[in-house]
Amino acid sequence: MNISRCLSLFVTLFIFTSSLPAQVFESKTFENGMVVSADKYASEIGNEILKQGGNAVDAAVAVQFALAVTLPRAGNIGGGGFMVIHLANGETAALDFREKAPTKATRDMYLRNGEFKSELSWEGILAVGVPGTVDGMIKALERYGKMPLDMVIQPAIKLAREGYVLSYSHAESLNDHRDTFRKYQASARYFTTGDTTLFSEGDLFVQKDLAGTLERIARFGREGFYAGPVADAIINEMERYKGLISYKDLYNYESKWRDLVEVDFRDYKLHIMPPPSSGSIAIAQILKMIQDYPIKEMGHNSAEYVHLLSEAMRRAFADRSFYLGDPDFVDIPLQRLLSQEYNTERMASFSPDKATASSSLSHGEIAGHPESDETTHFSIVDNEGNAVAVTTTLNGSFGSHVSVSGAGFLLNNEMDDFSAQPGEPNTYGLIGAEANAIEPGKRMLSSMSPAIVTKNGKVDMVIGAAGGPRIITATLQSFLNRALFDMRAQQATTFPRFHHQWLPDTIFIDDFGLSPDTQKLLEEKGHFIFPMPGIGRAHNIYIETDGSLSSGVDPRGDGYAAGH
Ligand code: DON
């Protein structure tokens, strides 16, 4: 993929987020519990669960299922994601419910006559990974929830059965994708009006088949999805379009508890989702690369600040592309990547005056190591001080665009997150290497970075974002804006952001996010600047010194904070 295709894809993926912020600097503040998600229905459902005595994990499971109904472009049961938990008693946990490659997947499954066909990993049945969400939600609830599954899933079933009212942006996103939905029988039925008319704001959107599937999950747990009629329906879809997922792949899918990556920065400790999320390592590396510089004195979003951070981002993303992949399959040199010494060394080539050309920079050398646009984030805090951060996705908006006939849900296109052909950029322009090559049963590398930040052992921030690789840099800036610049919750989430990912060699900035003179100073150092409609969409909760909860709802999307 050349740079201009990659840039135009970035813009296409984010075009619908470009609506102007309604409430730029106002946070909501609550004392007893809060849910911040991309959708009003889902946030209110989560808040209701908290009010009924559920804890943050009960609420998270309810929100995940609600989003599968009210935000079909990203919320899902046909996809996957990550959950980070920090309990009031200090216990932490990370749950990986990322999709896996089917057993029949091969590294050249997207080659036709020797040529790499990137469209096959992005749309249609071959793009689909084995879904992890349902197993993940059940596992999280079993270990940490207080409520039974059928109770937390009930609000989602009701919304699917009785319908919900489409917002302007939901109607537009369905309409924008109608030509692709029409290519797939079940999607045409579920996600278009069925004739030449369009969906409008205010339409009631009913999903009876999805309600049936959610009911089966409520009744039979994971067997209600990975076996029986829902599994049959998924396999029918595989047969119809010649997909690779088998009954065994479905039945054997297992989400996994993993050890969090923890990184100290000034008075804070960040607890971030570990690999197969790349976000934890990249954020930790960037923080270690910048920490000895007078960052605060440079001034927020000054040319000097943007330059320093972009150079650190460039180096961390170069390492990401080479070293990171599914830890069950590749040997990630975690200790070295997270060491201060290594990251200080990585910055040895940094010049305050001049951009380092990405072409002159590769991954760092680690001796002895063998060669080897649509997501959604939500944050929850309950009245006991338990906190949960979840990022979940189908990958692109509406995933593969293939729906499961009779079961009412969309399947992901997560296979594109593998380096489908090592060395070739994926849809987000990310280059990967062997570590993230396709293998049967392997999880594809992700940028989703749900994170919980503590200060003196207490939860201080619950942060995360949607937006492909920009998730990493948006989450980093949601943290730094507060930790370094003492921004209020909404400010920390709203302020213009920037992003560098090594290749393409470009600083992406929020549209109108940097003044022309700042941009000029950066260009004089040798940077190429590319404005775009939104650098990630963050949904954050910040805990104030008096213990109250303040929302950071990203004006780049149409998120909502509900609390009590
Ligand atoms: O896991 C990942 O990194 C991607 N599948 C995330 C995709 C995404 O965030 C799309 N946009 N909003």
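Reading the values: the criteria
- Residues numbered from 1 in each chain as written.
- Predicted model: local features only at pLDDT ≥ 70, side-chain atom pairs only at ≥ 80, totals over all residues.
- Heavy atoms only, no water.
- Pairing = 2+ DSSP bridges.
- Helix = DSSP H or I, 4+ residues; strand = E, 2+ residues; numbered from the N terminus.
- Axes fitted to C-alpha atoms, helices over the stretch in contact; angles between N-to-C directions.
- Contact = heavy atoms within 4.5 Å.
- Near = heavy atom within 4 Å.
- Polar contact = N/O pair within 3.5 Å; in protein donor to acceptor, adjacent residues only side chain to side chain.
- Areas by Shrake-Rupley, 256 points an atom, 1.4 Å probe, with all protein chains shown as cover.
- Nonpolar A, V, L, I, M, F, W, Y, C, P; charged D, E, K, R; others polar.
- Parallel < 35°, antiparallel > 145°, perpendicular 65-115°, else oblique.
- Left-handed = near helix turned anticlockwise from the far one by under 90°.
- Salt bridge = Lys/Arg side-chain N within 4 Å of Asp/Glu carboxyl O.
- Buried < 20%, exposed > 50% of the residue type's maximum accessible area, 1.4 Å probe, protein only.
- Phe/Tyr/Trp six-rings, centres within 6.5 Å; stacked < 30°, edge-to-face > 60°.

**Some thoughts on the sheet that holds strand S3 (residues 80-86)**
Thinking step 1. Spatially, S9-S4-S3-S13-S12-S2-S22 is the arrangement adopted by the 7 strands of the open sheet, whose pairing is antiparallel. Each edge of the sheet is formed by a strand with only one pairing partner; in this case those strands are strand S9 (256-258) and strand S22 (560-563). Averaged over all neighbouring strand pairs, the angle between strand axes comes to 15°, with direction disregarded.
Thinking step 2. Here strand S2 (residues 34-37) pairs with S22 via 4 bridges, running antiparallel. Each bridged residue has a counterpart across the sheet, and for Ser37 the counterpart in S22 is Tyr560.
Thinking step 3. Packed onto the sheet, helix H2 (residues 40-51) meets S2, strand S12 (374-381) and S22 and runs at close to 160° relative to S2.

**Thoughts on the site of the ligand**
Thinking step 1. Near the ligand you find 15 residues, and of these Thr375, Asp417, Ser446, Ser447 and Gly468 are the closest.
Thinking step 2. For the ligand, an oxygen atom lies 3.0 Å from a polar atom in the side chain of Arg98.
Thinking step 3. Backbone polar atom of Ser447 to an oxygen atom of the ligand: 2.7 Å apart, as the coordinates give it.
Thinking step 4. Against a free-state accessible area of 340 Å², the protein chains account for coverage of 99% of the ligand.
Thinking step 5. Looking at the shell around the ligand residue by residue, the classes come out as 3 nonpolar, 6 polar and 6 charged.

**A word on the packing of helix H15 (residues 303-323) against helix H18 (residues 470-483)**
Thinking step 1. Where H15 contacts H18, the two axes come as close as 12 Å, and the packing angle between them is 135°. With respect to their mutual orientation, H15 and H18 come out oblique. Like other packed secondary-structure pairs, H15 and H18 cross with a definite hand, here right-handed. Contact residues: Tyr305, Leu309, Met313, Phe317 and Arg320 in H15; Ile472, Thr473, Leu476, Gln477 and Leu480 in H18.

**Side note on the pattern of salt bridges**
Thinking step 1. Evaluation of the coordinates by the stated rule reveals 33 salt bridges.
Thinking step 2. In this structure, Arg98 engages Asp417 in a salt bridge whose closest nitrogen and oxygen atoms are separated by 2.8 Å. Pair check on accessibility: Arg98 and Asp417 agree, each one buried.
Thinking step 3. The partner of Glu341 in a salt bridge is Arg336, with the nearest N and O atoms 3.5 Å apart.
Thinking step 4. Residue class for Arg336 comes out partly exposed when judged on its relative accessible area of 26%.
Thinking step 5. One network of salt bridges, with partners in common, ties together Asp96, Lys256, Arg258, Asp328 and Arg443.

**Structural notes on the packing of aromatic side chains**
Thinking step 1. The full count for this structure, using the stated rule, is 21 aromatic pairs.
Thinking step 2. Ring geometry for Phe181 and Phe398: centres 5.0 Å apart, planes at 80°, overall edge-to-face.
Thinking step 3. Classification of Phe181 by relative accessible area gives buried; the value is 0%.
Thinking step 4. For Phe398, a relative accessible area of 1% gives the class buried.
Thinking step 5. Considering the side-chain rings of Phe225 and Phe409, the 5.4 Å spacing of their centres and the 35° angle between planes classify their relative orientation as tilted.

**With respect to the pairing of strand S10 (residues 261-265)**
Thinking step 1. Along S10, the buried face is formed by Val261, Val263 and Phe265; none of Glu262 and Asp264, which line the opposite face, is buried.
Thinking step 2. The loop that links S10 with its antiparallel partner strand S11 (residues 268-272) comprises 2 residues; one of these, Arg266, has a positive phi angle of about 50°.

**Digging into the sheet that holds strand S17 (residues 498-499)**
Thinking step 1. Sheet architecture is open: 3 strands sit in the order S17-S18-S19, paired in mixed fashion. If you trace the sheet from one side to the other, it starts and ends with S17 and strand S19 (529-532), each paired once.
Thinking step 2. Across 2 bridges, S17 lies against strand S18 (residues 507-510) in antiparallel orientation. Its bridge partner lying in S18, His499 is registered against Phe508.

**A closer look at the side chain of Ser550**
Thinking step 1. Tracing the sequence through the fold places Ser550 in strand S21 (residues 549-553).
Thinking step 2. There is a polar contact of 2.6 Å between the side chain of Ser550 and the side chain of Glu544.
Thinking step 3. When sequence neighbours within four positions are dropped, the list of residues in contact with Ser550 reads Ser27, Lys28, Thr29, Met34, Ala489, Asn540, Ile541, Tyr542 and Glu544.

**Looking at the packing of H2 against helix H5 (residues 149-162)**
Thinking step 1. Their axes nearest at 10 Å, the elements H2 and H5 cross at an angle of 150°. Taken together, the axis directions place H2 and H5 in an arrangement best described as roughly antiparallel. Crossing angle aside, the handedness with which H2 passes H5 is right-handed. Packed against H2, whose contacting residues are Tyr41, Ile45 and Ile49, the element H5 presents Met151, Val152, Pro155 and Leu159 at the interface.
Thinking step 2. Classifying every residue of the contact of H2 with H5 by side-chain character gives 7 nonpolar, no polar and no charged.

**Description of the side chain of Ser419**
Thinking step 1. The topology assignment puts Ser419 in the loop between strand S13 (387-395) and strand S14 (451-455).
Thinking step 2. What makes Ser419 buried here is its relative accessible area of 4%.
Thinking step 3. Here Ala433 takes part through its backbone oxygen, which lies 3.0 Å from a polar atom of the side chain of Ser419.
Thinking step 4. Those residues within four positions of Ser419 in sequence are excluded, and the remaining contacts are Gly432, Ala433, Asn436 and Ala437.

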